[in-house]
Amino acid sequence: MDFNDIKETDIWQLYSEAQSYARLIGMYEDTDRNFRMYNGNQWEGVKVKDIELVQLNFIKTIVKYKVGTINQNLWAINFSAENFENRAFMEVATKVCELLNKKAAKIWEKNNMDYYLRVLSKISAINDEAIAYFDYDKNENMPILEMLAKNDVYYGNENDSNIQKQPYILTKQRMPVVKARELAERYGVPKEKLDLIIGDMETAEESGEAAKYEKDDMVTVLTKLYKKDGKVYYSKATRFVEIKKETNSTLELYPLEHLIWEEKEGSARGVGEVRGLIPNQLEVNKTLMRRALVAKNTAYPQKAVNTEYITNPNDLNKVG
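Residues numbered from 1 in each chain as written. Predicted model: local features only at pLDDT ≥ 70, side-chain atom pairs only at ≥ 80, totals over all residues. Heavy atoms only, no water.

1. Remarks on the packing of aromatic side chains
In total, this model carries four aromatic pairs according to the counting rule given. Judged by centre distance (5.1 Å) and plane angle (65°), the rings of W12 and Y15 are edge-to-face. Residue W12 and its partner Y15 are both found in helix α1 (residues 10-24); the two are separated by three residues, about one turn of the helix. Between Y115 and Y116, the aromatic rings sit 5.3 Å apart at their centres with planes inclined by 65°, giving edge-to-face as the arrangement. Through successive ring pairs, a cluster of aromatic residues spans W12, Y15 and Y154. Positioned over the ring face of Y38 is K60, at 5.2 Å from the centre of the ring. K228 extends its terminal NZ or CZ atom over the ring of Y233, reaching a point 4.7 Å from the ring centre. (Phe/Tyr/Trp six-rings, centres within 6.5 Å; stacked < 30°, edge-to-face > 60°. Helix = DSSP H or I, 4+ residues; strand = E, 2+ residues; numbered from the N terminus. Lys NZ or Arg CZ within 6 Å of the ring centre and 35° of its normal.)

Written out as C-alpha cells, the structure reads:
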C-alpha cells in the first residue's frame with residue numbers, strides 16, 4: 001500500500017496549516033525552553049570539562065511564590081438568590097440555590113478542582129497559557145476535567161483570546177494505534193479502512209522533552225470543534241481516516257477554557273512569567289560560572305614547572 005496515493009483528511013490539512021503557524025511564532029521551541037528553564041535545565045547544549053555547570057534557579061522560586069499567592073485561598077462555585085427582586089420567589093430560589101451548591105460542591109470534589117487549579121495556574125505562569133477541556137461522563141452524570149497541553153490546541157483565529165469567538169478549535173491527542181482502531185470501529189468505520197490508522201512519528205512538537213520518546217506504537221487523533229446554527233459540532237480523524245463524522249454535540253459553548261497568565265495584545269496565547277525572566281537567569285548563571293572559574297584558578301597555589309629539565313613530566317601529579 002502506497003500511502004502517498006491516499007488523500008489526507010480535511011482535518012489533517014487544517015492541522016498542518018496550524019503547525020506551520022505555530023512554527024512561525026516559535027511556539028514549540030518556546031514551550032520546551034520555558035519548561036527547561038523552570039525545571040533547572042538551564043545550560044542546555046553547553047559542554048565544558050573539569051568544572052560543574054552551576055546555576056541559581058530563581059525562576060522556579062518566583063513562579064512558586066506567585067502561584068502560591070493566588071491559590072492561598074480555596075475556590076468554590078456558589079449560587080445565590082440575593083439578587084432576586086421578587087420577594088415571593090425568594091424562598092423557592094433560595095432552596096434551588098442550596099441544591100445547586102450541593103451539586104457544584106460534589107462536582108468540584110469529584111474532579112479534584114483545587115488541585116487542578118494549582119496545576120493549571122502553574123503551567124500558565126510557566127508557559128503563557130493552560131487549557132482545560134470538559135467532557136461529560138454519562139455514567140457519573142457529571143462533567144470531567146482534562147488538562148490539555150498548549151502544543152495540543154490550535155485556534156482558528158490565533159489573534160483572539162476569546163475562546164467562544166473562535167471559528168474552530170483543533171485538539172490533538174496521542175493514542176495507541178490499537179485504541180484508535182477500537183474507537184474508529186465503535187464509531188462505525190469500515191474494517192477495510194482500519195488498516196489506514198497507522199502509527200506515526202509526530203512527536204517532535206510534543207510538549208516536554210520526555211513526550212518526544214514513546215514506548216508504544218502511537219497515532220495522532222485530531223478533534224475539530226466548530227459552531228453552526230448556534231450549536232457546537234465536532235468531528236474526529238487521523239491523517240488518512242475520518243473516525244467520527246460531523247456530529248451535533250447540542251452544546252452552545254465550546255467545552256474548553258484557557259487560563260492566560262497575562263494578556264498579550266494580538267495573541268490568543270498570552271504571555272507567562274518565565275519568558276521575561278530567562279535573560280536575567282542566563283546572565284546570573286554566567287556570572288556564577290565566571291566566579292567559579294576565578295576561584296578555581298586563583299584560590300590555591302599553582303605549580304609552575306619547566307618541563308625541559310624533568311625526565312618524567314607525566315609523573316608530576318603522582319604522589320611519591
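2. Focus on a nonpolar patch on the surface
Together, I77, F79, F84, F89, V92, V96 and L100 make up a nonpolar patch on the protein surface, roughly 550 Å² of accessible area in all. Here F89 shows up in helix α4 (residues 87-110). On the basis of relative accessible area, F89 is assigned to the partly exposed category, the value being 37%. (Patch = residues over 30% accessible without salt bridge, like charges linked within 9 Å, V, L, I, M, F, W, Y side chains within 5 Å. Areas by Shrake-Rupley, 256 points an atom, 1.4 Å probe, with all protein chains shown as cover. Salt bridge = Lys/Arg side-chain N within 4 Å of Asp/Glu carboxyl O. Buried < 20%, exposed > 50% of the residue type's maximum accessible area, 1.4 Å probe, protein only.)

3. So, the sheet that holds strand β5 (residues 218-228)
Spatial strand order, β3-β4-β5-β6-β7: five strands in an open sheet with antiparallel pairing. With one partner strand each, in any of the chains shown, β3 (153-155) and β7 (242-248) form the two edges of the open sheet. Put simply, the sheet's adjacent strands are angled 15° from each other on average, direction ignored. For β3 and strand β4 (residues 168-176), the ladder comprises three bridges, and the chain directions are antiparallel. From the neighbouring strand, V153 faces β4, where its bridge partner is T171. Against the sheet, helix α6 (residues 177-186) engages β4, β5, β6 (231-237) and β7, with an angle of about 120° to β4. (Pairing = 2+ DSSP bridges. Axes fitted to C-alpha atoms, helices over the stretch in contact; angles between N-to-C directions. Contact = heavy atoms within 4.5 Å.)

4. Quick look at the environment of A130
Mapped onto the fold, A130 is located in strand β1 (residues 129-137). Spatially, the C-alpha atoms of A130 and L194 are 34 Å apart, while their sequence positions differ by 64 residues.

5. Details of helix α2 (residues 27-39)
Here α2 is 13 residues long and its end C-alpha atoms lie 18 Å apart, about the 18 Å a rise of 1.5 Å per residue gives. Looking one or two residues past α2, G40 carries a phi angle of roughly 100°, positive in sign. (Expected span 1.5 Å × (residues − 1).)

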